[in-house]
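# Per-entry structural report
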Amino acid sequence: MVSNGYSTMERKSTDVKPKRSYDSSRRRQQARRAWGTVLDTAQRLLLTNGFSATTIASIAEEADVSVETIYKAFGGKRGLVRAIWDQGLDGAGPTPAWRRSDEMQMLEADPRQVIESWGTLAAEVAPRAIPILLLIHAAAATDPEMAALQQEVDDARLARMENNARHLYDRGAFRHDITLEHARDVMWSYSSPELYELLVLRRRWPLERYSRFIADGMIGSLLPGPDEAPLAEPQ
């Protein structure tokens, strides 16, 4: 009798656990979908109406969530804008663009191909990330929180470009007169939102042309020509 009772309790416990796991997984999926809806809605309203005219309340109403939900998830408008920028940096694929870039650098030996791949990734990421960067820059003129966020994202982009530059610098891929700091600043300039705004948004360049311009510009500025020696032989 005791044995049967124990078996019954064990079966009930086994039956309940998958349900709790399923419910938890389903809640996480629902939360991710809700966050995605909030981010997409916020981006559309911000880019259409501007930073000042877009309120958390208007985003919540449009996304069909509570104001409290947005504050709990993102901490306010600055956190929301930061999350939109982060989402843009991930690019279009299932694997974030920055991770694909890191993996490509480890596998590709030809510096020219590395830079050309960066140009391709820039054309993928730029339409998603740069419009929100331009919004941050515009809002920073009058909003202290956006000014702080602008500094944060500029610093993050500069650090990323230094990481990219160091990868090729340590391999001795640059011309002999190119310092790490110079290479970083060249890459930082070619990835700037201002360049994208000028060429793609204002001059209506197609993304393929923009991508080629970035790659050719960095290659011409940093890598040795056919008759030039690099800084050192690659390790």
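Anything mentioned here points back to the structure above.
The sections below set out a description of the structure shown in this document.

Okay, the packing of helix α4 (residues 77-89) against helix α6 (residues 111-140) next. Remark: α4 packs on α6, axes separated minimally by 7 Å, with the N-to-C direction vectors making an angle of 155 degrees. Between α4 and α6, the interaxial angle falls into the category roughly antiparallel. For α4 against α6, the interelement crossing comes out left-handed. Side by side, α4 and α6 meet where Val81, Ile84, Trp85, Gly88 and Leu89 of the first sit next to Val125, Arg128, Ala129, Ile132, Leu133 and Ile136 of the second. Broken down by class, the residue content of the contact of α4 with α6 amounts to nine nonpolar, one polar and one charged.

Counted under the stated rule, the structure contains three aromatic pairs. Here a set of aromatic residues connected by ring pairs shows up, and it is made of Tyr190, Trp205 and Phe213. Above the plane of the ring of phenylalanine 51 lies lysine 77, whose end atom (NZ or CZ) is 4.1 Å from the centre. Its end group placed over the ring of tryptophan 205, arginine 209 keeps NZ or CZ at 3.9 Å from the ring centre.

Within helix α8 (residues 180-190), burial applies to Leu180, Ala183, Arg184, Val186, Met187 and Tyr190. Across the axial projection of α8, the buried residues extend over an arc of 165 degrees, all falling on one side. Along its buried surface, α8 packs onto α6, α7 (144-170), α9 (193-202) and α10 (207-222).

Here we take up α4. With 13 residues, α4 ought to run about 18 Å at 1.5 Å a step, and its terminal C-alpha atoms sit 19 Å apart, in line with that. Looking only at α4, the buried set comprises Lys77, Leu80, Val81, Ala83, Ile84, Trp85 and Gly88. Of the residues flanking the end of α4, it is glycine 91, one or two places downstream, whose phi is positive at about 80 degrees.

Reading the values: the criteria
Residues numbered from 1 in each chain as written. Predicted model: local features only at pLDDT ≥ 70, side-chain atom pairs only at ≥ 80, totals over all residues. Heavy atoms only, no water. Axes fitted to C-alpha atoms, helices over the stretch in contact; angles between N-to-C directions. Helix = DSSP H or I, 4+ residues; strand = E, 2+ residues; numbered from the N terminus. Parallel < 35°, antiparallel > 145°, perpendicular 65-115°, else oblique. Left-handed = near helix turned anticlockwise from the far one by under 90°. Contact = heavy atoms within 4.5 Å. Nonpolar A, V, L, I, M, F, W, Y, C, P; charged D, E, K, R; others polar. Phe/Tyr/Trp six-rings, centres within 6.5 Å; stacked < 30°, edge-to-face > 60°. Lys NZ or Arg CZ within 6 Å of the ring centre and 35° of its normal. Buried < 20%, exposed > 50% of the residue type's maximum accessible area, 1.4 Å probe, protein only. Arc of directions from axis to C-beta. Expected span 1.5 Å × (residues − 1).

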